[in-house]
Amino acid sequence: MSTEAILMMAVAMVIIWGGLIVSIVALRAHPERHDLPAGGEDDHREDAGVIEHDT
């Protein structure tokens, strides 16, 4: 392998592994998002089954 190929491989590895490490650190610092809207409540009714259509 040439010097340029080894250098490009090293740069690519730093970008990939560095991005992974930064992502892990960011998720550990802020594990939950608070800027999303609140979700709906679970409506667990027994009569809410699959709709069947005659074809």
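Computed from a predicted model, the values in this text were never measured in an experiment.

Draft legend 1. Region of interest: the overall build of the protein chain. Across its full length, the protein chain carries one helix and zero strands. Within the protein chain, the proportion of its 55 residues that are buried is 0%. Of the roughly 6000 Å² of accessible surface on the protein chain, a fraction of 63% belongs to carbon and sulfur atoms.

Draft legend 2. Helix 1 (residues 3–29), seen in detail. Its 27 residues give helix 1 an end-to-end C-alpha distance of 38 Å, which sits within 8% of 39 Å, the value for a rise of 1.5 Å per residue. Burial of helix 1 is sparse: only zero of the 27 residues sit out of reach of the surface.

Draft legend 3. Representation of a nonpolar patch on the surface in the model. Nonpolar side chains collect at one region of the surface, where Met1, Ile6, Leu7, Met9, Val11, Met13, Ile15, Ile16, Trp17, Leu20 and Ile24 lie side by side and expose about 1200 Å² of accessible area between them. Summarising the element assignment, Ile15 is placed in helix 1. In this structure Ile15 comes out as exposed when scored by relative accessible area, which is 58%.

How each quantity is defined
Residues numbered from 1 in each chain as written. Predicted model: local features only at pLDDT ≥ 70, side-chain atom pairs only at ≥ 80, totals over all residues. Heavy atoms only, no water. Helix = DSSP H or I, 4+ residues; strand = E, 2+ residues; numbered from the N terminus. Buried < 20%, exposed > 50% of the residue type's maximum accessible area, 1.4 Å probe, protein only. Areas by Shrake-Rupley, 256 points an atom, 1.4 Å probe, with all protein chains shown as cover. Expected span 1.5 Å × (residues − 1). Patch = residues over 30% accessible without salt bridge, like charges linked within 9 Å, V, L, I, M, F, W, Y side chains within 5 Å. Salt bridge = Lys/Arg side-chain N within 4 Å of Asp/Glu carboxyl O.

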